[in-house]
Amino acid sequence: KETNSYLKKHSKLVEYAEDWEKTVTTRVQSMHVEYQKLRKGLNHYIGKVDALEAEKKKTEEKHREMAPKRLEKLERNRTKLMGTRKSHDVAGVDLIILIDEIVN
């Protein structure tokens, strides 16, 4: 009788630990997937801005001005890059905090 009581308590404890592990794993994985998506977007805009800045520099070296539409595109992409970088950094910090809370 006493043994059955201990087994039930331990069984519930094991069940709780398994549920906790599933929940934590799901949260970390979903946050990591989101972080990876943001990282991909960040790399995309870094590449675009770098290419447009290189184009601008090359044009200036020839003592010419970059076309206004290209300058507008550069500014738009710089703005997108800043927003993407901020979102990426926030998601990274959130993921680190979550992992730290789990581990510690």
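Just so we're clear, the structure is a prediction, and the values are computed from it rather than from any experiment.

Draft legend 1. A negative patch on the surface, seen in detail. Where like charges cluster on the molecular surface, the negative patch consists of Glu-15, Glu-18, Asp-19 and Glu-21. Within the element layout of this structure, Glu-21 appears in helix 1 (residues 2-61).

Draft legend 2. Looking closely at the nonpolar core. Listed in full, the seven residues of the largest apolar core are Leu-42, Tyr-45, Val-49, Leu-52, Met-66, Leu-74 and Leu-81. Every element with two or more residues in this core is listed here: helix 1 and helix 2 (68-103). At four residues, the largest contribution of residues to this core is made by helix 1. Residues within four places of Leu-74 in sequence aside, it is in contact with Val-49, Leu-52, Glu-53 and Lys-56.

Draft legend 3. Fine view of unusual backbone geometry. Phi is positive for His-63, which is not a glycine, with a value near 60°. Topologically, His-63 is positioned in the loop between helix 1 and helix 2.

What counts as what
- Residues numbered from 1 in each chain as written.
- Predicted model: local features only at pLDDT ≥ 70, side-chain atom pairs only at ≥ 80, totals over all residues.
- Heavy atoms only, no water.
- Patch = residues over 30% accessible without salt bridge, like charges linked within 9 Å, V, L, I, M, F, W, Y side chains within 5 Å.
- Areas by Shrake-Rupley, 256 points an atom, 1.4 Å probe, with all protein chains shown as cover.
- Salt bridge = Lys/Arg side-chain N within 4 Å of Asp/Glu carboxyl O.
- Lys, Arg positive; Asp, Glu negative; His and termini not counted.
- Charge placed at Lys NZ, Arg CZ, Asp CG, Glu CD.
- Helix = DSSP H or I, 4+ residues; strand = E, 2+ residues; numbered from the N terminus.
- Core = buried A, V, L, I, M, F, W, Y, C linked by side-chain atoms within 4.5 Å.
- Buried < 20%, exposed > 50% of the residue type's maximum accessible area, 1.4 Å probe, protein only.
- Contact = heavy atoms within 4.5 Å.

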